[in-house]
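Read off the chains here:
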Amino acid sequence: MSAMEGSATDTLTRPAVLILLGPPGAGKGTQARLLEARFGLVQLSTGDLLRAAVAAGTEAGKAAQAVMEAGGLVPDSVVLEILRDRLAQPDTRAGVILDGFPRTAGQAEALDALLSAQGLGIGAVISMEVDDAAMVARVAGRYSCASCGEGYHETFKLPRQSGVCDQCGGTAFKHRADDNAETVQARLSAYHAQTAPLIAYYAGRGVLQTVDGMAAIDAIAAELGAIVQTVTA
Ligand code: AMP
């Protein structure tokens, strides 16, 4: 169950499936968490699911670990299995925000099949447009609370009280192994080669929306909130 479930401030009358597209550091995770808190949608991050599989030492985790450390893309079959299992859990019925999925044309096609089997369609695909050059600094400085996952940044977003999580009061923090300058370059290359073509794919389907990912977090959140309200009206 989502940590945020039950605390939504705006209730939706029907489920929404949203996809956040953007390179590493674009702010997909930050915005997904805000939408989760506001609307009770469930953030579904394949990166988080894969990291959990690596930590648990599952077969999927073993298949994914080296590729993730190198900043490449995990094979579609591995990612799809993990996603399918997560989508089958009942808390996703209120709607989901896909954060970091799909990342390839094959994943996009498989997602269509998965959603139509559940009688769902894609509400909106939001492309978060950012400057690549700024992403390295954004990603290299970020870390998160080890208890609740709230994201922080050494330069752009420190906890209000040093060493204490604003959300849950936790005092342990973690830094992702792949959030370093070299791996970010590989992840940006993978994004441009394999994921960015999905922007045109979804534009052709009439579901693409674009936001300025370099704007302030609150301004982007307001824009995304308006999109959610439109697609669920
Ligand atoms: P993220 O947390 O979204 O930045 O993902 C971290 C890493 O997990 C990526 O660099 C990939 O190696 C892997 N990963 C996450 N989502 C996917 C996906 N949809 N397809 C392939 N690999 C993925």
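None of these values were measured; they are calculated from a predicted model. (Residues numbered from 1 in each chain as written. Predicted model: local features only at pLDDT ≥ 70, side-chain atom pairs only at ≥ 80, totals over all residues. Heavy atoms only, no water.)

## So, a negative patch on the surface
On the surface, a cluster of negative charge is contributed by Glu129, Asp131, Asp212 and Glu223. Structurally, Glu129 is set in strand E4 (residues 124-129). (Patch = residues over 30% accessible without salt bridge, like charges linked within 9 Å, V, L, I, M, F, W, Y side chains within 5 Å. Areas by Shrake-Rupley, 256 points an atom, 1.4 Å probe, with all protein chains shown as cover. Salt bridge = Lys/Arg side-chain N within 4 Å of Asp/Glu carboxyl O. Lys, Arg positive; Asp, Glu negative; His and termini not counted. Charge placed at Lys NZ, Arg CZ, Asp CG, Glu CD. Helix = DSSP H or I, 4+ residues; strand = E, 2+ residues; numbered from the N terminus.)

## So, the sheet that holds strand E8 (residues 208-212)
In space, the five strands of this open sheet follow the order E2-E3-E1-E4-E8, with parallel pairing throughout. Each edge of the open sheet carries a strand with a single partner, namely strand E2 (42-45) and E8. Neighbour-to-neighbour, the strand axes of this sheet turn through a mean angle of 25 degrees, independent of strand direction. Note that strand E1 (residues 16-21) and strand E3 (residues 95-99) share five bridges and pair parallel. Within E3, the position partnered with Ala16 by the bridge is Gly95. Each of E2 and E3 touches helix H4 (residues 76-87); the most contacted strand, E2, lies at about 165 degrees to it. (Pairing = 2+ DSSP bridges. Axes fitted to C-alpha atoms, helices over the stretch in contact; angles between N-to-C directions. Contact = heavy atoms within 4.5 Å.)

## A word on helix H5 (residues 105-117)
Between its first and last C-alpha atoms H5 spans 19 Å; for 13 residues at 1.5 Å apiece the expected length is 18 Å, and the two agree. Of the residues making up H5, those classed as buried are Gln107, Ala108, Leu111, Leu114 and Leu115. The arc enclosing the buried residues of H5, seen along the axis, measures out at 125 degrees, which places them on a common side. Summarising the geometry of H5, the exposed residues directed more than 90 degrees from the buried face are Glu109, Ser116 and Ala117. If you follow the buried residues of H5, they end up packed against E1, H4, E3 and helix H8 (197-204). Note on H5: the residue one or two positions beyond its end, Gly119, has a positive phi of about 70 degrees. (Expected span 1.5 Å × (residues − 1). Buried < 20%, exposed > 50% of the residue type's maximum accessible area, 1.4 Å probe, protein only. Arc of directions from axis to C-beta.)

## Some details on the confidence of the model for the chain
Across the chain, the average pLDDT comes to 93, with 97% of residues at 70 or higher. pLDDT under 50 marks residues 1-5. Its contacts with residues more than four places away, or in other chains, come to eight contacts. (pLDDT = per-residue confidence, 0-100.)

## Digging into the pairing of E3
Put simply, side chains in a regular strand alternate between the two faces of the sheet. Among the five residues of E3, five are classified as buried, and the element is accordingly described as predominantly covered. Pairing of E2 with E3 involves four bridges; the strand directions are parallel. Note on E3: the bridge partner recorded for Leu44 is Leu98.

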